[in-house]
Amino acid sequence: DAGVTQSPTHLIKTRGQQVTLRCSPKSGHDTVSWYQQALGQGPQFIFQYYEEEERQRGNFPDRFSGHQFPNYSSELNVNALLLGDSALYLCASSFSDKAYEQYFGPGTRLTVT
Amino acid sequence: DQQVKQNSPSLSVQEGRISILNCDYTNSMFDYFLWYKKYPAEGPTFLISISSIKDKNEDGRFTVFLNKSAKHLSLHIVPSQPGDSAVYFCAASGETSGSRLTFGEGTQLTVNP
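These remarks concern the structure in this document. (Residues numbered from 1 in each chain as written. Chains lettered and ligands numbered in written order. Predicted model: local features only at pLDDT ≥ 70, side-chain atom pairs only at ≥ 80, totals over all residues. Heavy atoms only, no water.)

When you go through chain B residue by residue, the secondary structure sums to zero helices and eleven strands. Moving toward the C terminus, one meets the helices and strands of chain B in the order β-β-β-β-β-β-β-β-β-β-β. Dimensions of chain B, computed from C-alpha atoms along their principal axes, come out at roughly 45 × 30 × 20 Å. Out of the 113 residues belonging to chain B, those deemed buried represent 46%. In chain B, 55% of the contacts between residues at least 6 apart in sequence involve partners at least 24 apart. Counting only carbon and sulfur atoms, one obtains 49% of the accessible surface of chain B, whose full area is about 5300 Å². Charge separation in chain B, taken as the distance between the mean sites of 10 positive and 11 negative side-chain charges, equals 1 Å. (Helix = DSSP H or I, 4+ residues; strand = E, 2+ residues; numbered from the N terminus. Buried < 20%, exposed > 50% of the residue type's maximum accessible area, 1.4 Å probe, protein only. Contact = heavy atoms within 4.5 Å. Areas by Shrake-Rupley, 256 points an atom, 1.4 Å probe, with all protein chains shown as cover. Lys, Arg positive; Asp, Glu negative; His and termini not counted. Charge placed at Lys NZ, Arg CZ, Asp CG, Glu CD.)

Given below as structure tokens:
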């Protein structure tokens, strides 16, 4: 039973560029959430997708956008990258009727130079 | 506005002893609490959870206690093992916040052989 997978593992981008991160949920899960974890801090909620729609959104600017596909996989897009976007980006999946019980992937380490 | 706080950045215990990790929250609308363990270069791993209708939940060596009046929860690990050395995050979810998880800053647990 595959857990949550994310790609790529690491990524280096330049300020102003755009990036797309990908996530495949745990088998059977239909809800995907994205979090940003800065060094030394806990994960911060970005948004959550269910039935291909954004269901909830945290306090992140519109530069952060996402998508969920019919197979429940998801993408996180960040436009106009800033140095402060450097972080570990975590994807978590869950069942929609128990969406608070979330299982995390290994994350994508994004470095913006 | 830090709604979930873990006031101890680090904790060191001897193998075989009890580890107690603490977490405080301010939002009285939180009704579901979770503990995650995180190793370097990995995503958070779900450990144990508790609903606000309970005051204790046990799973093997791990027990979570919830004191709603004090808005405090704790994770007890007995007996502690060197493999338990990791960063531990508490997280909370509630009706008003949907199923998004609000995380504390984490506590680095080191179990010495």
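Don't stop here, the text continues.
A few words now on the nonpolar core. Judged by nonpolar contacts, the single largest core of 23 residues is most densely connected at F33(B), W35(B), L73(B), L75(B) and Y88(B). Among the secondary structure elements, those contributing two or more residues to this core are β3 (19-25), β4 (30-38), β5 (45-51), β7 (62-67), β8 (72-77), β9 (86-94) and β11 (107-112) of chain B. Ranked by the residues each element gives to this core, the list is headed by β9(B), at four residues. Ignoring any residue separated from it by four or fewer positions in sequence, one finds Y88(B) in contact with Q6(B), L21(B), W35(B), Y36(B), K37(B), L47(B), L75(B), I77(B), G106(B), T107(B) and L109(B). Formed by 20 residues, the second largest nonpolar core is a distinct cluster that contains L21(A), Y49(A), Y89(A) and L110(A). (Core = buried A, V, L, I, M, F, W, Y, C linked by side-chain atoms within 4.5 Å.)

Let us look at the sheet that holds strand β6 (residues 56-59) of chain B. Residues and elements named next belong to chain B. The strand order across the open sheet built from five strands is β1-β3-β8-β7-β6, with neighbouring strands paired in antiparallel fashion. The sheet terminates laterally at β1 (4-5) and β6, the two strands that pair on one side only. Relative to β7, β6 is paired through four bridges, and the arrangement is antiparallel. Within β7, the residue paired with K56 across the bridge is F65. (Pairing = 2+ DSSP bridges.)

Bring the parts together and some accessible area is lost; that lost area is often taken as the interface size. Taken together, the contact between chain A and chain B spans 23 residues of the former and 20 residues of the latter. Buried surface at the junction of chain A and chain B, both sides included, amounts to about 1500 Å², of which 57% is carbon and sulfur. The interface formed by chain A and chain B includes eight residue pairs in polar contact (both at pLDDT 80 or more). When residues of the side of chain A that touches chain B are traced back to their parent elements, those giving at least two are β4 (31-37), β5 (44-50), β6 (53-57), β9 (87-94) and β10 (103-104) of chain A. At three residues, β6(A) tops the list of elements feeding residues into the side of chain A that touches chain B. When the residues that make up the side of chain A that touches chain B are grouped by side-chain class, the tally is ten nonpolar, nine polar and four charged. (Buried area = accessible area lost by both parts, 1.4 Å probe. Polar contact = N/O pair within 3.5 Å; in protein donor to acceptor, adjacent residues only side chain to side chain. Nonpolar A, V, L, I, M, F, W, Y, C, P; charged D, E, K, R; others polar.)

Before going further, it helps to spend a moment on the packing of aromatic side chains. All names here are of chain B. If you walk through the whole model with that rule in mind, you get 14 aromatic pairs over all chains. Plain terms: the ring middles of F89 and F103 are 6.2 Å apart, the flat faces sit at 85 degrees to each other, and that makes the pair edge-to-face. On the criterion of sequence distance, the pair formed by F89 in strand β9 and F103 in strand β10 (residues 102-103) is long-range, its members being 14 residues apart. Overall, F89 belongs to the buried group, its relative accessible area being 3%. What makes F103 buried here is its relative accessible area of 2%. (Phe/Tyr/Trp six-rings, centres within 6.5 Å; stacked < 30°, edge-to-face > 60°.)

This brings us to the side chain of S99(B). Relative to the elements of secondary structure, S99(B) occurs in the loop between β9 and β10. According to the relative accessible area criterion, S99(B) is buried, its value standing at 9%. A distance of 3.0 Å separates the side chain of S99(B) from the side chain of Q48(A), its partner in a polar contact. Excluding anything up to four places from it in sequence, S99(B) contacts Q48(A), R55(A), Q56(A), A99(A), Y100(A), Q102(A) and S93(B).

All names here are of chain A. Of all seven residues in β5, five are buried; the element is thus mostly enclosed. Of the pairings in the sheet, the one linking β4 to β5 comprises six bridges and is antiparallel in character. For S33, the partnering residue across the bridge sits in β5 and is Q48. Hairpin remark: β4 followed by β5, antiparallel, with six residues in the connecting loop; positive phi at G40, about 80 degrees. Examined bridge by bridge, β5 and β6 share four bridges and lie antiparallel to one another. When the sheet's bridge partners are listed, F47 is paired in β6 with R57. The antiparallel hairpin formed by β5 and β6 contains two residues in its connecting segment, where E51 sits at a positive phi of about 50 degrees.

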